[in-house]
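# An overview of the molecular structure
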Amino acid sequence: MEFAGPGVGVRLPSPGDPATGAVRPLPLMSLTRSLIDVRPLRTSPVFRRLLIGRTVSVLGGFMTMVTVMYQVWDQTRSTAWTGAVGLAQALPLVVFGLFAGAWVDRADRRRVFLAATVGQAVCSLLLAVQGFTGHVPPAVVLLLVAVQSGFGALGAPAAGVFVPRLLPKEQVAAGLALQQVTGQSMMLLGPALAGLLLGWFGIGVCYLLDALSFGLAFYGARGLPALPPQGEPSRAGLHGVLDGLRFLAGHRVVRGALVTDLAATVLSFPVSLFPLVNAERFGDDPRTLGLFLSALAVGGVAATALSGPLTRLARPGPVMLCASATWGAALVLFGLAGNPWLGLALLALAGAADATAVVSRSTIVQTRTPDALLGRVTAAEQIVGQAGPSLGNARGGLLAGWTSGTTALISGGLLCVLAVAAVATTTPELRDEASAVPDAP
């Protein structure tokens, strides 16, 4: 340890091995470096304000998700209608996502995000109005959800450029980890809070609180500087979309990151199997079933809270590959586990691996994509994140119907591990990926 003055340095003794002189890190310093890297919160007030607004908005979003499901089920008592809620949320993102990304890459991303936030807030206000008045057909509720999701499809690609433009490159992974840990925490808190508020005040209040949460998101983004594309703006319409797809097809590292995520979710996403596996292996106990999703979220929060060493490592490619393979292996072991507590521990491990993979994948996308293309590539990443789990749930449900929940889990996990190994073998650039490498195809 040195204290340097003008032209002089005074060296103080450091704790270490007297024989070798090797310095042993102090326990407190080691613990601090193990925790999530909070440098972005200290160095960037704009990012700090943006993160606060985003966190509150994510909380409101999870509350609305639960409230919509509750309202539609209460009105229809039909699983077909509750399943349609997921379609109303996913289809606008899948259909309009790439076109929204091309538009974002032609405009000031700050203004686009603010406009999209206002649109989402208006949809939540309309949901609140119908919640207070009642007697609105479920189709109208789903229409409002779909319109809100459409505004989200526009806002997400715009938000995708915020972190790499606000933070230095060595802090991008830390900023994404902070977004991930707050999002996972809201996933734990939001549904539980929605349940309490639904019981106390009804659906209108939940929707109204979500509308107010967009106000904080708007405030957080309002202080951003103008963020026009750096480089040549996107071409209009389909030409801009095709340019983005050509970049994805030609950039092996970014393509490999998205393919890894798509393979992991399509081949092994387990949520649709939870009720059947719970019945087959754990006596159909509803308490166990309720803990399955919570275990995934708890693992995600814990892993992101202790992500400091991984984000400072600046090697997101190998970290993502290892985390994705761990996700698949944990699900294989969960399929074999006969003890409920061991099963929950394995799901927590899977959740931790998933959160780590998400942070690493987003780091690759946001540090290796030219700014002028980042809206389109972020839109593609959002589509993969939305479509992959939906297809994975469908795959698992169909296979479980033909075989069993355990078979679907184990085979999906094994296929995930094999797919990740194939990507790692065929994409050595991703295996060796370090965020310090220049952005080049």
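Residues numbered from 1 in each chain as written. Predicted model: local features only at pLDDT ≥ 70, side-chain atom pairs only at ≥ 80, totals over all residues. Heavy atoms only, no water.

## Quick notes on the UniProt feature "transmembrane region" (unreviewed entry) in the chain
Within this structure's numbering, the places UniProt gives as "transmembrane region" (unreviewed entry) are residues 51-73, 79-100, 188-219, 253-277, 289-306 and 399-424. Overall, residues 51-73 shows 100% helix and 0% strand. The separation of its end C-alpha atoms is 33 Å. Span residues 188-219 is 97% helix and 0% strand, its end C-alpha atoms 24 Å apart. (UniProt positions renumbered as here; feature names shortened; annotations may be inferred. Helix = DSSP H or I, 4+ residues; strand = E, 2+ residues; numbered from the N terminus.)

## Some words on helix H15 (residues 316-336)
Given a rise of 1.5 Å per residue, 21 residues ought to cover 30 Å, and the 30 Å separating the end C-alpha atoms of H15 matches this to within 8%. Counting buried residues along H15, 15 of its 21 residues qualify, which places the element largely inside the surrounding structure. (Expected span 1.5 Å × (residues − 1). Buried < 20%, exposed > 50% of the residue type's maximum accessible area, 1.4 Å probe, protein only.)

## Concerning the pattern of salt bridges
Scanning all chains against the criterion turns up eleven salt bridges. The closest approach of N and O atoms between aspartate 371 and arginine 109, which form a salt bridge, is 3.1 Å. One end of the pair, aspartate 371, is in the loop between helix H16 (340-368) and helix H17 (374-402); the other, arginine 109, is in helix H5 (residues 109-133), with 262 residues separating them in the sequence. Residue classification places arginine 109 among the buried positions, given a relative accessible area of 0%. (Salt bridge = Lys/Arg side-chain N within 4 Å of Asp/Glu carboxyl O.)

## Digging into the packing of aromatic side chains
All chains considered together, the criterion is met by three aromatic pairs. Arranged with centres 5.3 Å apart and planes meeting at 80 degrees, the rings of phenylalanine 113 and phenylalanine 162 form a pair that is edge-to-face. Remark: phenylalanine 162 occurs in helix H7 (residues 162-166) and phenylalanine 113 occurs in helix H5; sequence separation between them is 49 residues. Among the residues examined, phenylalanine 162 registers a relative accessible area of 3% and is labelled buried. (Phe/Tyr/Trp six-rings, centres within 6.5 Å; stacked < 30°, edge-to-face > 60°.)

## Notes on the packing of helix H8 (residues 172-201) against helix H9 (residues 203-222)
Between H8 and H9, the least distance of the axes is 7 Å, while the angle of their chain directions is 130 degrees. By the angle between their directions, the pair H8 and H9 is classed as oblique. The residues of H9 that touch H8, namely those facing Ala194, Leu197, Leu198 and Phe201, are Ile203, Val205, Cys206 and Leu209. Split by residue class, the contact of H8 with H9 holds eight nonpolar, no polar and no charged. (Axes fitted to C-alpha atoms, helices over the stretch in contact; angles between N-to-C directions. Parallel < 35°, antiparallel > 145°, perpendicular 65-115°, else oblique. Contact = heavy atoms within 4.5 Å. Nonpolar A, V, L, I, M, F, W, Y, C, P; charged D, E, K, R; others polar.)

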